[in-house]
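Residue strings, one per chain:
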Amino acid sequence: PGQAKEMQSGPSTVAALYRLLADERVRALLFQHSELAGRCVVMAAQALPELTSADAAAAILSFIAGLIGSQEEFSAETGRRSMVLATLPDVCRSICLALTSHEHLAELDDGLTNAMEFFARCAEVIPAELQAALTSGLAHAQVREWSAARFQKIVTGRKEFARKGEWLDQLQQIVCELQRERRRATIF
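Below is a short write-up of the structure.

Rules and cut-offs
- Along each chain, residues carry numbers from 1 onward, in the same order as the chain's sequence is written.
- Since the coordinates come from a predicted model, pLDDT governs what is reported: local features require at least 70, and pairs of side-chain atoms require 80 or more to be given and counted, while whole-chain, interface and lining totals use all residues.
- Working from all heavy atoms in the structure, the side-chain values ignore hydrogens and water.
- A helix here means a DSSP run of H or I that spans at least four residues, while a strand means a run of E at least two residues long, and both kinds are numbered starting from the N terminus.
- Exposure is judged per residue with a 1.4 Å probe applied to protein chains only, and the accessible area is read against the type maximum: over 50% gives exposed, under 20% gives buried, and values in between give partly exposed.
- Any two residues having at least one pair of non-hydrogen atoms within 4.5 Å are treated as being in contact.
- A helix is expected to reach a length of 1.5 Å times the quantity of its residues less one.
- Only residues whose relative accessible area exceeds 30% and that take part in no salt bridge are eligible for patches, with like-charged residues grouped when within 9 Å of each other and nonpolar side chains (Val, Leu, Ile, Met, Phe, Trp, Tyr) grouped when within 5 Å.
- Each accessible area is a Shrake-Rupley result for a 1.4 Å probe, and residues are judged covered by the shown protein chains and nothing else.
- Salt bridges are defined as contacts in which a side-chain nitrogen from Lys or Arg sits within 4 Å of a carboxyl oxygen from Asp or Glu.
- When charges are counted, Lys and Arg are positive and Asp and Glu negative, with His and the chain ends excluded.
- In this description, the location of a charge corresponds to atom NZ of lysine, CZ of arginine, CG of aspartate or CD of glutamate.
- Residue types Ala, Val, Leu, Ile, Met, Phe, Trp, Tyr and Cys, when buried and joined through side-chain atoms within 4.5 Å, form a set referred to as a nonpolar core.
- Definition of a polar contact: a pair of N or O atoms within 3.5 Å, with one able to donate and the other able to accept a hydrogen when the atoms are protein atoms, and with sequence-neighbouring residues admitted only if both atoms are side-chain atoms.
- Each aromatic pair joins two rings of Phe, Tyr and Trp (for Trp, the six-membered one) with centres within 6.5 Å, and gets the label stacked for planes under 30 degrees apart, edge-to-face for over 60, and tilted for any other angle.
- Each axis is a line fitted through C-alpha atoms, and for a helix only the stretch in contact is used; angles between axes span 0 to 180 degrees, taken between their N-to-C directions.
- Roughly parallel refers to an angle under 35 degrees, roughly antiparallel to one over 145, roughly perpendicular to one between 65 and 115, and oblique to any angle outside these ranges.
- By convention the crossing between two helices is left-handed if the near helix lies anticlockwise of the far one by an angle smaller than a right angle, and right-handed if it lies clockwise.
- Note on residue classes: Ala, Val, Leu, Ile, Met, Phe, Trp, Tyr, Cys and Pro are nonpolar, Asp, Glu, Lys and Arg are charged, and everything else, Gly too, is polar.

By the secondary structure assignment, arginine 80 is in helix 7 (residues 78-101). Among the residues examined, arginine 80 registers a relative accessible area of 5% and is labelled buried. Look past the residues within four positions of arginine 80 in its chain and what remains in contact with it is Phe31, Gly66, Leu67, Ile68, Gly69, Glu73 and Phe74.

Let us now look at helix 10 (residues 145-156). Taking 1.5 Å of rise per residue, 12 residues should cover 16 Å, and helix 10 covers 16 Å from first to last C-alpha, within 8% of that figure. Buried residues belonging to helix 10 abut helix 7, helix 8 (110-125), helix 9 (127-140) and helix 11 (164-187).

Further remarks concern the environment of glutamate 72. The residue glutamate 72 is located in helix 6 (residues 71-76) in this model. Given the relative accessible area of 58%, glutamate 72 is considered exposed. Sequence-wise, glutamate 72 and aspartate 55 are 17 residues apart; in three dimensions their C-alpha atoms are separated by 31 Å.

Topologically, cysteine 40 is positioned in helix 4 (residues 34-47). Sequence separation of cysteine 40 and isoleucine 60 is 20 residues, and the distance between their C-alpha atoms is 9.8 Å.

Taken together, the side chains of Glu103, Glu107, Asp109 and Asp110 present a region of like negative charge at the surface. Note that glutamate 103 resides in the loop between helix 7 and helix 8.

We now examine the nonpolar core. One finds Phe63, Ile95, Met116, Phe118, Phe119 and Phe151 to be the most contacted residues of the largest nonpolar core, which totals 64 residues. The element that contributes the greatest number of residues to this core is helix 7, accounting for 10 residues. Those residues within four positions of phenylalanine 63 in sequence are excluded, and the remaining contacts are Tyr18, Leu21, Ala22, Leu30, Cys40 and Val41.

The subject of this paragraph is the side chain of histidine 102. Checked against the element boundaries, histidine 102 lands in the loop between helix 7 and helix 8. Look at histidine 102 and you get buried, because its relative accessible area is 11%. A polar atom in the side chain of histidine 102 sits 3.1 Å from the backbone oxygen of leucine 51.

Next up on the list: the packing of aromatic side chains. Summed over the entire model, instances satisfying the criterion amount to three aromatic pairs. Aromatic pair phenylalanine 118 and phenylalanine 119: ring centres 5.9 Å apart, planes at 50°, arrangement tilted. Joined through ring pairs, the aromatic side chains of Phe118, Phe119 and Phe151 make up one cluster.

Time to look at the packing of helix 4 against helix 5 (residues 54-65). One way to put it is that helix 4 packs onto helix 5 with a least axis distance of 10 Å and a crossing angle of 140°. Classed by the angle they form, the pair helix 4 and helix 5 counts as oblique. Considering the relative orientation of helix 4 and helix 5, their crossing is left-handed. The residues of helix 5 that touch helix 4, namely those facing Cys40, Val41, Ala44 and Ala47, are Ile60, Phe63 and Ile64. A breakdown of the residues in the contact of helix 4 with helix 5 according to their chemical character gives seven nonpolar, no polar and no charged.

In this section: unusual backbone geometry. In the Ramachandran plot, glutamine 142 falls in the positive-phi region, its phi being about 60° despite a non-glycine side chain. Of note, glutamine 142 is situated in the loop between helix 9 and helix 10.

Now the structure itself:
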C-alpha cells in the first residue's frame, strides 16, 4: 500500500521504470536475480489497480506480459518459474481489478493488449495455475460468475480465433461489460 501510493505520485517515473524493466536485455538480467524480479512484480501488482495513468499502466502491463517468455525459457529457468508462480495470484488479482476499474484499459491499445498477452502466454505455459489465479482474481474484483466464466473462456481460448484481432475485439467487449457491471454495482 505505501509503495503503491509512492508510485502513484509520479506516473511518468513509473512508466519510465517499467518500460526499462520490460526491455528484453534488462529483463534477462533481472531474471538472473529472481528475488529482485519478484519484488518488481509485487510492486507492479500493488500499484496497477490504483494507477490512473494509461501510460504507466501500459508500461507495467508490458513488463508483466514479458514475465513468461517462451515455453522453453520458462521451463529451463527455475528461478523465473518459481517467481512467476509465487506472484501469479497477486498479478491476476491486480490485472482483474484494473481491468474492471479503469476506462483506459477498455481501449484496444497497449494496456489491454499487454494484459491479454500475459494471460495468453500463461494459458499456453501454465494453464492450470492461470485458471486458479484468474478465478480468484475475478472473484476479488467482484465479477459475477457468468461474466467471469465468459471472460476466462475467451482468455484461455486464444487458439480458437483465426486472428489475434478478433480475439482482442471479443476481450475488449467483455472488459467494457465488466466495467459497466462494476459501475452498476457501485451505484445500486
